[in-house]
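As a plain string of letters, each chain reads:
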Amino acid sequence: MENKVAVITGGEGDLAKAIRAALEQEGWIVHAPGTAAMDVTSRESVEAFIAPLEQVDLLINNAGVTNDELIARMTGEQWDAVVDVSLKGAFLCSRAVMQKMAFKRSGHIINIGSFAAICGTAGQSNYAAAKAGLIGLTKSLAMEYGARNVRVNCVLPGFLETKMTIGLLSDETRRKEIIGSHLLRRLNSVEDAARFIVFLHSMQHISGQVFQLDSRVSAW
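A brief structural summary.

For leucine 87, the location among the structural elements is in helix α3 (residues 76-104). The partly exposed category is assigned to leucine 87, whose relative accessible area is 24%. With 61 residues separating them along the chain, leucine 87 and arginine 148 place their C-alpha atoms 23 Å apart. If sequence neighbours within four positions are ignored, leucine 87 has contacts with Ala130, Gly133 and Leu134.

Given below as structure tokens:
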């Protein structure tokens, strides 16, 4: 049986580690580069990492950063830093693997989005815009490459307790507010999100879709 190969960007993050563990348990070969191994904002770095791989069956665009500020005080550098990692990085990595997937007529790209994309978040216009862009990228790539049997989906994993969110969740008042915005009054976990992502990959007839993995409700 042929080994399946996955690439997970932002490989040093807590969600990436959980996805890697879940995939490896299923027998996958997993590459999960951190920034030092692959800078997703650099075309040269992305291509240097991806090109030597004989195949990529699953790409998970997980790399993301935050650099919060109200729009009136946000600098161009703060905007670029977030958009370049989350959106440009997903574009560069998707483009780098697409030829391999299209040639094989098999492949799956999963973009890790955020609830901020569909509801907006005060002080995070750069992050919300980048993640909203991922939804558009997901749908466009799914339409472009569906005929080549390449699937593209977007997962909004929920407000996870990770290194990225520890600052917010350590404030008890803010933690109560965040949990209170969930109808079930609890947060998702990186392990549950990882299990869903592995399950989603096994569903061979789904593409161009967005999946939210918590109990928050938005108007959109």
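The next subject is the environment of aspartate 80. Looking at where aspartate 80 falls in the secondary structure, it is placed in helix α3. The class of aspartate 80 is partly exposed, set by a relative accessible area of 40%. Once the C-alpha coordinates of aspartate 80 and alanine 130 are considered, the two residues, 50 residues apart in sequence, prove to be 9.8 Å apart.

On to the pattern of salt bridges. In total, this model carries 7 salt bridges according to the counting rule given. Note that arginine 43 is salt-bridged to glutamate 47, the shortest N-O span being 3.3 Å. Note that arginine 43 and glutamate 47 are positioned in helix α2 (residues 43-50) at a spacing of 4 residues, about one turn of the helix. Here aspartate 214 ties to arginine 216 by a salt bridge, and the two come within 2.7 Å at their closest N and O atoms. Across the pair, arginine 216 and aspartate 214 agree in class, each one buried. Via salt bridges that share partners, Arg43, Glu44 and Glu47 belong to a single interconnected network.

The next thing to look at is the nonpolar core. Counting residues in hydrophobic clusters, the biggest one holds 24 residues, and the most contacted among them are Ile8, Ile19, Leu23, Ile60 and Ile110. Only β1 (5-8), α1 (14-25), β3 (58-61), β4 (107-112) and α8 (190-202) provide two or more residues apiece to this core. Each residue touching isoleucine 110, except ones within four places of it in the same chain, is listed here: Leu58, Leu59, Ile60, Asn61, Asn153, Val155, Ile197 and Leu200.

This next bit is on unusual backbone geometry. Phi angles above zero are rare outside glycine, and asparagine 149 is one such case at about 65°. Residue classification places asparagine 149 among the partly exposed residues on the basis of a relative accessible area of 42%. Backbone geometry places arginine 185, a non-glycine residue, at a positive phi of 55°. By the element assignment, arginine 185 lies in the loop between α7 (172-180) and α8.

The subject of this paragraph is the side chain of aspartate 214. Inspection of the secondary structure assignment puts aspartate 214 in the segment after β6 (210-212). Its relative accessible area of 18% is what places aspartate 214 among the buried residues. At a separation of 2.7 Å, a polar atom in the side chain of aspartate 214 contacts the side chain of glutamine 212. Side chain to side chain, aspartate 214 and arginine 216 meet in a polar contact 2.7 Å long. Aside from chain neighbours lying at most four places away, what touches aspartate 214 is Gly158, Phe159 and His182.

Attention shifts here to the pairing of β1. Here β1 shows two buried faces, one formed by Val5 and Val7 and the other by Ala6 and Ile8. Two elements, β1 and strand β2 (residues 29-31), share 3 bridges in a ladder whose sense is parallel. Bridge pairing in β2 links alanine 6 to valine 30.

Scanning all chains against the criterion turns up 0 disulfides. With no disulfide of its own, cysteine 119 lies 14 Å from the sulfur of cysteine 154, the closest cysteine sulfur. According to the relative accessible area criterion, cysteine 119 is partly exposed, its value standing at 41%. Judged by relative accessible area, which is 0%, cysteine 154 ranks as buried.

Moving on to a nonpolar patch on the surface. A surface patch of nonpolar side chains, amounting to about 330 Å² of accessible area, comprises Leu183, Leu184 and Val217. Exposure remark for leucine 183: the relative accessible area of 57% places this residue in the exposed category.

Here we come to empty space enclosed by the protein. Empty space left among the atoms is revealed by rolling a probe the size of a water molecule over them. Counted by the stated rule, this structure contains 1 cavity of 30 Å³ or more. Volume-wise, the largest cavity comes out at about 40 Å³. For the largest cavity, the full set of lining residues is Thr9, Val40, Asn61, Asn62, Ala63, Val85, Ser86, Gly89, Ala90 and Cys93. Broken down by element, the lining of the largest cavity gets its largest block of residues, 5 residues, from α3.

Rules of the game
Residues numbered from 1 in each chain as written. Predicted model: local features only at pLDDT ≥ 70, side-chain atom pairs only at ≥ 80, totals over all residues. Heavy atoms only, no water. Helix = DSSP H or I, 4+ residues; strand = E, 2+ residues; numbered from the N terminus. Buried < 20%, exposed > 50% of the residue type's maximum accessible area, 1.4 Å probe, protein only. Contact = heavy atoms within 4.5 Å. Salt bridge = Lys/Arg side-chain N within 4 Å of Asp/Glu carboxyl O. Core = buried A, V, L, I, M, F, W, Y, C linked by side-chain atoms within 4.5 Å. Polar contact = N/O pair within 3.5 Å; in protein donor to acceptor, adjacent residues only side chain to side chain. Pairing = 2+ DSSP bridges. Disulfide = S-S within 2.5 Å. Patch = residues over 30% accessible without salt bridge, like charges linked within 9 Å, V, L, I, M, F, W, Y side chains within 5 Å. Areas by Shrake-Rupley, 256 points an atom, 1.4 Å probe, with all protein chains shown as cover. 1 Å grid on protein atoms, 1.4 Å probe; cavity = no way out; pocket = protein on both sides within 12 Å on 5 of 7 lines; lining within 4 Å. Points joined across faces, edges and corners; volume = space filled by probe spheres on them.

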